[in-house]
Amino acid sequence: MNDWPEDGGHGRGSANSHSEGARRMRHVQRPQAPQQPPRYDQGYDQDQGHGRNQGYDQGQGYNPNFTQAQGSGYDSGYSSGQVYGGQQGGGAQGGGRGNVPPPYAPQGPGRPAPDWRKRAKIGSIVLVVGVLAWGIGTYAWASSQMRNEVDLSKVIERPSEGDCTTYLIVGSDSREGMSAEEKKKLHTGSAEGKRTDSMMILASCSSGNTMVSLPRDSWVTIPSFVGSESGKQYPARGGSKLNAAYAMDGPELLVRTVEFNTGLRIDHYAEIGFAGFANIVDALGGVELNIEKGFKDKKSGADFAAGEQTLNGEQALAFVRTRYAFAESDLQRTKNQQKFLSALANQAATPGTILNPFALYPTLGAGLDTLIVDKDMSLYDLGKMFFAMKSVQGGDGKSMNMPIAGSAPQGSLKWDMPKVKQLVEQIRNDEKVTVESNR
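J.: Please explain the packing of helix 6 (residues 313-321) against helix 7 (residues 330-348) as it appears in this structure.
T.: Relative orientation and spacing of two packed helices are given, respectively, by the angle between their axes and the distance between those axes. Two elements in contact, helix 6 and helix 7, have axes whose closest approach is 7 Å; the angle formed by their N-to-C orientations is 140 degrees. Taken together, the axes of helix 6 and helix 7 lie oblique to each other. Across from Ala 316, Phe 319, Val 320 and Arg 321 in helix 6, the residues of helix 7 making contact are Arg 333, Asn 336, Gln 337 and Phe 340. Taken together, the residues of the contact of helix 6 with helix 7 sort by class into four nonpolar, two polar and two charged.

J.: Can you help me understand empty space enclosed by the protein in this one?
T.: The gaps left among the atoms become clear once a water-sized probe is rolled over them. In total, this model carries three cavities of 30 Å³ or more according to the counting rule given. Considering only enclosed or pocket space, the largest cavity measures out at about 60 Å³ in volume. Secondary-structure elements contributing two or more residues to the lining of the largest cavity are strand 6 (225-226) and helix 4 (242-262). Top contributing element to the lining of the largest cavity by residue count: helix 4, with four residues.

J.: Even after reading the chapter, I still don't get the nonpolar core, so can you show me in this structure?
T.: One broad trend across soluble globular proteins is that nonpolar side chains are buried collectively. Phe 319, Phe 340, Leu 344 and Met 385 are the most contacted members of the largest nonpolar core, which has 45 residues in total. Counting residues per element, this core draws most heavily on helix 7, at six residues. Sequence-distant contacts of Met 385, that is, excluding residues within four places in its chain, are made with Tyr 167, Ile 169, Leu 202, Ala 270 and Met 377. Residues Ala 203, Phe 225, Leu 253 and Val 255 belong to the second largest nonpolar core, which totals 38 residues.

J.: How do you make sense of helix 2 (residues 116-145) when you look at a structure like this?
T.: Residues lying three or four places apart along an α-helix face the same way, a consequence of the helix completing one turn every 3.6 residues. Its 30 residues give helix 2 an end-to-end C-alpha distance of 43 Å, which sits within 8% of 44 Å, the value for a rise of 1.5 Å per residue. Where helix 2 begins, one side-chain oxygen reaches toward the backbone nitrogen of Arg 117, 3.3 Å away; that side chain belongs to Asp 115.

J.: Help me understand the layout of surface pockets, please; the structure alone is not making it clear to me.
T.: There is about 1000 Å³ of room inside the largest pocket. Taken together, 45 residues line the largest pocket, and the ones lying closest to its centre are Ala 348, Leu 364, Leu 382, Gly 383 and Phe 386. Counting residues per element, the lining of the largest pocket draws most heavily on helix 10 (residues 379-393), at nine residues. A breakdown of the residues in the lining of the largest pocket according to their chemical character gives 30 nonpolar, eleven polar and four charged.

Thresholds, definitions, all that
- Residues numbered from 1 in each chain as written.
- Predicted model: local features only at pLDDT ≥ 70, side-chain atom pairs only at ≥ 80, totals over all residues.
- Heavy atoms only, no water.
- Axes fitted to C-alpha atoms, helices over the stretch in contact; angles between N-to-C directions.
- Helix = DSSP H or I, 4+ residues; strand = E, 2+ residues; numbered from the N terminus.
- Parallel < 35°, antiparallel > 145°, perpendicular 65-115°, else oblique.
- Contact = heavy atoms within 4.5 Å.
- Nonpolar A, V, L, I, M, F, W, Y, C, P; charged D, E, K, R; others polar.
- 1 Å grid on protein atoms, 1.4 Å probe; cavity = no way out; pocket = protein on both sides within 12 Å on 5 of 7 lines; lining within 4 Å.
- Points joined across faces, edges and corners; volume = space filled by probe spheres on them.
- Core = buried A, V, L, I, M, F, W, Y, C linked by side-chain atoms within 4.5 Å.
- Buried < 20%, exposed > 50% of the residue type's maximum accessible area, 1.4 Å probe, protein only.
- Expected span 1.5 Å × (residues − 1).
- Polar contact = N/O pair within 3.5 Å; in protein donor to acceptor, adjacent residues only side chain to side chain.

Just distances and angles here, no functional claims.
And the structure:
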């Protein structure tokens, strides 16, 4: 018995007389896997290839790594190698594309969107650090320019300290550093040395700031003192004008004289000469002022019409120095000085000046070169002084002359001492000033 069919084929053992030939073998159907939709991520399987297969197979996808040698046994000598980033080789080793994404697969996440809140925060920090660095640098530079020359420790027999901070502000007729042309232009003359041209007390208090002008012709007693340079003891000198104290021994004796005659302790001293005053005004681009009544004065060079106007340095100096054009002479001049200094401080102590380097540095440079202060006065104290002056101009304080009781010898002015004592007590105790000047 054999498996060869007896349907006419010729083969070994046949009863037919024909020669043995190829006999047909019963067709055996191999089991096949269920068909699936074509897929393009699977490799070629040799077991399913028939004849010269070009890489497509039922249930299988196109295999870029398939070679003819795998399909038909023919090797052309060409190797496709690694295609599209897949593994080398193919066939039964599971080659082909492997885990490589298809050509049009979505790409990975791109560059993240910028975090604007974080950038704004970093930018703000950088800005603050820059402003602080600029402010500290400016403060250090300005502090180095200050002339801390007045030694108040040399003043003897001083009154007790009060609740307010007090400044003695002095405008001198010093011509230090001025050329002959500048002296002529500013009508200052060529007198040697220096004298006080204006004096005022500024009391910076929580109850309100007060500016009190001291007429240079005030009739006072110059007390005993120790010479600031010589160290010698000098006796008291009664019946003198206030500005004589400055002429005798400078700022230290002037402070000593003011304290002795008022009973008010002076915490800080600030003095500026003609040139420095004019330069500050010019550095600010002029100072706006309302002059209620026009006046002229040949000695000071003043020539003003009434109304709102901007004064340059030369005009400002003429305005604060004029005395002979007024019936009240020195009393009217002190009022003009207060008015102008308050306007100057109001314009200087503004964000437009403080935060603008092109305005701040020229102003500081012009003022600090000629501004003389006491040894304990810092740039911070100087700033507080200017802001206190500004508040007086803004209506948050009071400006007045020292109360006057009448005339004294040599055309001088006698203080109203009961009112002076009341004024001093209110300042020392940080009370609102209610005293009024007589003129």
